[in-house]
Number of protein chains: 2
Amino acid sequence: MTILVPAKSVLRGISTLVTVDKQSSTPLYRQIYDSYRARILSRELPAGQLVPSSRELARELRVSRLPVLNAYAQLVAEGYFESRVGSGTFVAHLIPKSPTAPLSAVVVAGASRQGRSISALAAALPTYEAPYWADNLGPFQVGQPAIDEFPLQLWSRLVSRCSRHLQSSALRYGSPMGLAELRDAIANYLRTSRGLRCEAGQIMIVSGSQQALDISTRVLLNSGARVWVEEPGYWLVHHVLTGAGCRAIPVPVDTDGINVEAGIKLCRAARAAFVAPSHQFPLGVTMSASRRLQLLNWAHSVGAWIVEDDYDSEYRYDSMPIASLQGLDDNARVIYIGTFSKVLFPSLRIGYVVIPTDLVERFAALRQSMDMCPSAENQRVVAEFIRGGHFARHIRRMRIIYADRRRVLIEELERAFGDLCTIVGTEAGMHTTIVMRGSLKDQDIAVKAMQRKLLVSPLSLAYLGSASHQGFVLGFGNTQAAQIPEGVRLLKECLAG
Amino acid sequence: MTILVPAKSVLRGISTLVTVDKQSSTPLYRQIYDSYRARILSRELPAGQLVPSSRELARELRVSRLPVLNAYAQLVAEGYFESRVGSGTFVAHLIPKSPTAPLSAVVVAGASRQGRSISALAAALPTYEAPYWADNLGPFQVGQPAIDEFPLQLWSRLVSRCSRHLQSSALRYGSPMGLAELRDAIANYLRTSRGLRCEAGQIMIVSGSQQALDISTRVLLNSGARVWVEEPGYWLVHHVLTGAGCRAIPVPVDTDGINVEAGIKLCRAARAAFVAPSHQFPLGVTMSASRRLQLLNWAHSVGAWIVEDDYDSEYRYDSMPIASLQGLDDNARVIYIGTFSKVLFPSLRIGYVVIPTDLVERFAALRQSMDMCPSAENQRVVAEFIRGGHFARHIRRMRIIYADRRRVLIEELERAFGDLCTIVGTEAGMHTTIVMRGSLKDQDIAVKAMQRKLLVSPLSLAYLGSASHQGFVLGFGNTQAAQIPEGVRLLKECLAG
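Just so you know, the residues in each chain are numbered from 1, in the order the chain's sequence is written. Chains and ligands are labelled sequentially in the order written, the chains with letters from A and the ligands with numbers from 1. Under the rules for a predicted model, residues below a pLDDT of 70 receive no local features and side-chain atom pairs below 80 are neither given nor counted, while totals for whole chains, interfaces and linings still include all residues. To obtain the side-chain values, all non-hydrogen atoms of the structure were used and water was disregarded.

Q: Quick question: what am I supposed to make of the domain arrangement of chain A here?
A: A common measure of how large an interface is: the accessible area buried when the components associate. Domains are outlined according to an automatic or database domain assignment. Each domain of chain A was delimited in the assignment, giving domain 1 (10-91), domain 2 (150-392) and domain 3 (395-496). Distance from the C-alpha centre of domain 1 of chain A to the C-alpha centre of domain 3 of chain A: 69 Å.

The structure is reproduced here in structure tokens:
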């Protein structure tokens, strides 16, 4: 039922209608408020118009006075009404709204941003598409650990325990550097297992290695700075540099890692090099000791920074994990990045940066401005996971699982393709890459493969310049050994088709 | 015990010492590896030097052959040794390390960054200092909710339940926009309680309002862009703009909120305005309807963006919460920011941005490059908290608690200072501000107050230009009513002293 209240002289000049519906689930005060507000914005109620007293309106509407008082208080608080002591309440003087296109014309999905300028850097980023693996398709997705092998029950127990022992003091803002106990645990792990030279004070907890790449870029590099990147390399490094206005200089990678001499010829004065020395992405090579020294010497001589992305070095199959570049560096030129996304799970969003001591304060200042500090709860659980020995145990267990998946994959690839491809980067991590001989378009084949629920990444997409090789990056982290033979068979069909 | 293995002819020319300590907790392979690596890097072992076979060295060291084989494999993998089929294993040709200052000279804490260039934007950020409230001092800290009143047990139960029901599929990378169920819950809340016009597709989950400010700035504004900020205003907005190279134009705030006419006179062509229309920080005023329309009209006419920071509008004491600016905007010029830091707790790090539909894809692209996606676990818990009705209940309960704290604070301030100060911004939120009459230096007094464990924020610090007022921002969110009289008494003493 809608009660219409006609304009009457008793309502002291209200020239329009205030409507309420007593059956509606919307509270009465809200209906009165909405009604007035709409009519004031549409100019049906002119500025300076006296409004009826709350008592009068309540009587007209046959409602109690309380909702009317509430609505009036709100309209005064928001500036639609003005109260003048002794004279009553009036419609406020509002300037007219600009004439506008109908809302639908500007906010419909996919509408162009015509005439709506955004930053040049944001405009330069490649189109975002929901990643192809979001729908949980089949084998060979890259960058995914074996989530079905993750000790969910153990994790859940730790989460519950940490939350039961949650102190109210832990609800406050934390340090932009992260939780002290987790930083301690990570520093200890990195010193003993990864050969880093670092103290807990240099560790910043970030939400995954991506935030580490972003904050490092923002602290270290000016817009316009030229930066060595590995060619082929990791596409999200390219995005970070684009987003910061830096110019990526693709430097070829050979069997010893990034070719430092080539880099010096291309651009000696680059301000930084972004590298993955333990396990290059996507070629999987390990940077040789000689190249490491060359790279460090170059950085020292020109005053450049090295960003070392050590994203999955925990898993190495034919030798122990490779010592970090950071540990070789005598000049504190290396910013070291690691993550729990591959060792634990990606949606955890916890990674870390090891920062040269003299830069720690600047990283903290920028981090505070970026997002204050990391979330407390997950950090505590990870710290517990490491302290309880679960972390070391999990890595050992997963190394065996991944080694098996890798063995089956290599066998199947050799059987299926023989001399038609070269298999590279099998020493470590959770992916291997096959470089195909002959002429083919890996991107076309990847599209075909996706239709058969096969998630192979085209190698050519990893090149910033023109691709010198065609092939596929094959993740085996989240691909069960039993799935692999069929997956390779399907890939062969796609290549033949 | 350290067994020294002297250089002998049987070791085919090894001219130095490989040492192992069988009592050490360091594994033997690691000792052998470290020993070789150090001597190769220090040039004690020259390039091209033939190394003893693993069998020979094992015999010399009186250890089994396995650790020697492991160490050799590692040294080959990392490029310190080179294997030549048929000829044996040699020390690799490494280029010399550059001469360096001793490590300690560059990485000692607090060392200057002399000769170590960082980005101009990072250099421009103010010095980071651990916030004064990190040590959990006494009353009046700003921006802190009543953490002792947070329903910890209920929260812990929800956390446990969510983690028990964790599916392994939830371990994967998520969307950069956030978890669908949380975005739905927030869109629904904002439409019904905050008067927004929005769909779940426009909601991006971020790690607190700070990340929302950062991503909005990076998507919308070029370096050099001029931007209106409220004067006085929120200091971390200033940091975000500094970090992006934007030029903040301080626009005075009066009792109706930001003075749009003054803004137009100062800089009509600004590219954006950062405002808190519901509850301005620190003055606490509500932007009037008239000013809202003026601001929207200005933004429409010059093609500027409005970033609406609605950080604590849930708590309003004399009327219902104020409708958002976003809901008045017919031209999709408003980016709306909200957070759970004040309503739930700060260390949760969950907030949200409501993005004009045509900009959603650009926000997603930049977010992916910034940190991929938000953490999954906390999002699920918050979604459950809202869906279970706990959120609405919590807000109702806290509003009563805060209203009481606010009442006591105002009474005590009036009693203590009378006409010596004006109390402003008491309608909403978790802080009030007192503007002091007469001449005093609020920053000096705040330092005195801190020595007495009183956390008052000097009003003058909130000015970007020269401060036109001196006073104090007093948080009452995390200050119990019983603490307030003593706190005000102490403040009075500091002012008198």
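Q: Please clarify how empty space enclosed by the protein should be interpreted in this entry.
A: Regions of empty space are outlined by a rolling probe, equal in size to a water molecule, passed over the atoms. In this analysis the probe radius is 1.4 Å and the grid spacing 1 Å, with only protein atoms considered; a cavity is a set of points the probe fits into but cannot get out of, a pocket is an open set with protein on both sides within 12 Å along at least five of seven lines, and lining residues have an atom within 4 Å of a point. Grid points are joined across faces, edges and corners, and a volume is the space filled by probe spheres set on the points. Scanning the entire structure with this criterion turns up eight cavities of 30 Å³ or more. Considered as a void within the structure, the largest cavity measures approximately 240 Å³ in volume. A:Ser207, A:Arg349, A:Ser375, B:Ser207 and B:Ser375 are, among the 26 residues lining the largest cavity, the residues nearest its centre. Helix and strand definitions here come from DSSP, where helices need a minimum of 4 consecutive H or I residues and strands a minimum of 2 consecutive E residues; each element is numbered from the N-terminal end. Those elements giving two or more residues to the lining of the largest cavity turn out to be strand E5 (203-206), helix H12 (360-371) and helix H13 (376-387) of chain A together with strand E6 (203-206), helix H12 (360-371) and helix H13 (376-387) of chain B. Counted by class, the lining of the largest cavity contains 12 nonpolar, eight polar and six charged residues. Any residue that is not Ala, Val, Leu, Ile, Met, Phe, Trp, Tyr, Cys, Pro, Asp, Glu, Lys or Arg is counted as polar, Gly included; the first ten are nonpolar and the last four charged.

Q: What should I look at first to understand the packing of aromatic side chains in this one?
A: Where two aromatic rings form a pair, the distance of their centres and the angle of their planes describe that pair. Residue and element names in this part refer to chain A. Within 6.5 Å between ring centres, the rings of Phe, Tyr and Trp (the latter by its six-membered ring) count as paired, and their orientation is classed by plane angle as stacked under 30 degrees, edge-to-face over 60, tilted in between. Evaluation of the coordinates by the stated rule reveals 31 aromatic pairs over all chains. An angle of 75° between the planes, with centres 4.8 Å apart, marks the rings of Tyr315 and Tyr402 as edge-to-face. Here Tyr315, found in the loop between strand E10 (305-309) and strand E11 (334-339), pairs with Tyr402, found in helix H14 (residues 390-417); they are 87 residues apart in sequence, far enough to count as distant. In terms of burial, Tyr315 and Tyr402 fall into one category: buried. Burial status follows relative accessibility: with a 1.4 Å probe on protein chains alone, a residue under 20% of its type maximum counts as buried, one over 50% as exposed, and anything between as partly exposed.

Q: Before we go on, may I ask you to explain the interface of chain A and chain B in this structure?
A: Contact criterion: two residues are considered in contact whenever any of their non-hydrogen atoms come within 4.5 Å of each other. With 133 residues of chain A at the contact, the number on the chain B side is 133 residues. We define buried area as the total accessible area lost by two parts upon association, computed with a 1.4 Å probe and summed across both. In total, about 11400 Å² of surface goes out of reach between chain A and chain B, with carbon and sulfur atoms giving 53% of it. Interface area lost by chain A to chain B is led by A:Tyr128, A:Arg172 and A:Tyr173, which between them contribute 8%. With a closest N to O distance of 2.9 Å, A:Arg218 and B:Asp214 form a salt bridge. Any pair of N or O atoms that falls within 3.5 Å is considered a polar contact. Within protein, one atom must be able to donate a hydrogen and the other to accept it, and sequence-neighbouring residues count only if both atoms are side-chain atoms. On the surface where chain A and chain B come into contact, there are 59 residue pairs in polar contact (both at pLDDT 80 or more). With nine residues, the top contributor of residues to the side of chain A that touches chain B is H12(A). Split into classes, the residues belonging to the side of chain A that touches chain B amount to 65 nonpolar, 43 polar and 25 charged. Whenever a carboxyl oxygen of Asp or Glu lies within 4 Å of a side-chain nitrogen of Lys or Arg, that contact is scored as a salt bridge.

Q: What am I meant to see in the sheet that holds strand E9 (residues 257-258) of chain B here?
A: Strand pairing in a sheet takes place through backbone hydrogen bonds and is either antiparallel or parallel in direction. All names here are of chain B. Across the sheet, eight strands lie side by side as E6-E13-E12-E11-E10-E7-E8-E9; this open sheet has mixed pairing. Looking at the sheet topology across the chains shown, the edges are occupied by E6 and E9. Two elements, strand E7 (residues 226-231) and strand E8 (residues 247-254), share six bridges in a ladder whose sense is parallel. Its bridge partner lying in E8, Val227 is registered against Ala248. Every axis in this analysis is a line fitted to C-alpha atoms, fitted for helices over the stretch in contact. Angles between the N-to-C directions lie between 0 and 180 degrees. Here helix H11 (residues 289-302) sits on the sheet and contacts E7, E8, E9, strand E10 (272-275), strand E11 (305-309) and strand E12 (334-339); the angle it forms with E10, its principal contact strand, is near 155°. Two strands qualify as a pair provided that DSSP identifies no fewer than 2 bridges between them.

Q: Quick question: what am I supposed to make of helix H2 (residues 54-61) of chain A here?
A: Since the α-helix packs 3.6 residues into each turn, any two residues three or four apart lie on the same face. All names here are of chain A. Among the eight residues of H2, six are classified as buried, and the element is accordingly described as predominantly covered. Of the positions making up H2, those classed as buried are Ser54, Glu56, Leu57, Ala58, Glu60 and Leu61. Count one or two residues on from H2 and you reach Arg62, which has phi positive near 55°.

Q: Teacher, can you tell me more about unusual backbone geometry here?
A: Keep in mind that most residues, glycine aside, have a negative phi and that most peptide bonds are trans. In the segment running from A:Glu231 into A:Pro232, the intervening peptide bond is cis, with an omega of -5°. By the element assignment, A:Pro232 lies in the loop between strand E6 (226-231) and helix H9 (235-243). With an omega of 5°, the peptide bond running from A:Phe281 to A:Pro282 counts as cis. As for its placement among the helices and strands, A:Pro282 is situated in the loop between strand E9 (272-275) and helix H11 (289-302). Despite not being glycine, B:Arg43 has its phi angle at roughly 70°, a positive value.

Q: Please clarify how the environment of A:Glu486 should be interpreted in this entry.
A: Its place among the elements puts A:Glu486 in helix H16 (residues 484-496). Looking at A:Glu486, its side chain comes within polar contact range of the side chain of A:Arg489, at 3.0 Å.

Q: Can you help me understand the confidence of the model for chain A in this one?
A: Parts of the model with low pLDDT should not have their predicted coordinates read in detail. Residues and elements named next belong to chain A. Looking at chain A, pLDDT values average 88 and 92% of them are 70 or higher. pLDDT expresses, on a scale from 0 to 100, how confident the predictor is about each individual residue. Residue range residues 1-13 is modelled with pLDDT below 50. Its contacts to residues more than four positions away, or to other chains, number 40 contacts. Note that residues 101-111 has pLDDT below 50 and, in this model, 16 contacts with residues that lie over four places away or in other chains. This prediction of the complex comes with two scores: 0.90 for pTM and 0.90 for ipTM.

Q: Any chance you could explain the packing of helix H2 (residues 54-61) of chain B against helix H3 (residues 65-77) of chain B here in plain terms?
A: To describe two helices that pack against each other, one gives the angle between their axes and the distance between the axes. Residues and elements named next belong to chain B. Where H2 contacts H3, the axes come no closer than 9 Å and their chain directions differ by 130°. The angle between the axes of H2 and H3 places the two elements in the oblique class. When you trace H2 past H3, the crossing you get is right-handed. Facing H2, whose interface residues are Ser54, Arg55, Leu57 and Ala58, H3 presents Arg65, Val68, Leu69 and Tyr72. Its residues assigned to classes, the contact of H2 with H3 shows five nonpolar, one polar and two charged. Throughout this description, any angle smaller than 35 degrees is read as roughly parallel, any larger than 145 degrees as roughly antiparallel, any in the 65 to 115 degree range as roughly perpendicular, and the remainder as oblique. Left-handed describes a crossing whose near helix is turned anticlockwise from the far helix by less than a right angle; the clockwise case is right-handed.

Q: Help me understand the pattern of salt bridges, please; the structure alone is not making it clear to me.
A: Two side chains of opposite charge can pair, provided their charged atoms sit close to one another. All names here are of chain A. Counting across every chain of the model gives 39 salt bridges over all chains. Among the salt bridges present, the one from Glu361 reaches Arg362, with a minimum N-O distance of 2.8 Å. Looking at Glu361, the relative accessible area reads 26%, which means it is partly exposed. One connected set of salt bridges, linked through shared partners, spans Arg161, Glu181, Glu384 and Arg387.

Q: What's the story with the relation of the copies chain A and chain B in this structure? I'm lost.
A: Relating one copy of the chain to the other takes a rotation about an axis and a shift parallel to that axis. Once chain A has been moved 0.0 Å along the axis and rotated by 180°, it coincides with chain B to within an RMSD of 0.1 Å. A rotation of that kind, with that shift, is consistent with a two-fold axis. Of every C-alpha in chain A, the one belonging to A:Ser160 sits nearest the axis of rotation, 2.3 Å from it. Counting the interface residues of chain A, we find that 100% of their copies in chain B are interface residues as well, pointing to one common contact surface. C-alpha atoms of residues with pLDDT of at least 70 in both copies form the basis for the least-squares superposition of the copies.

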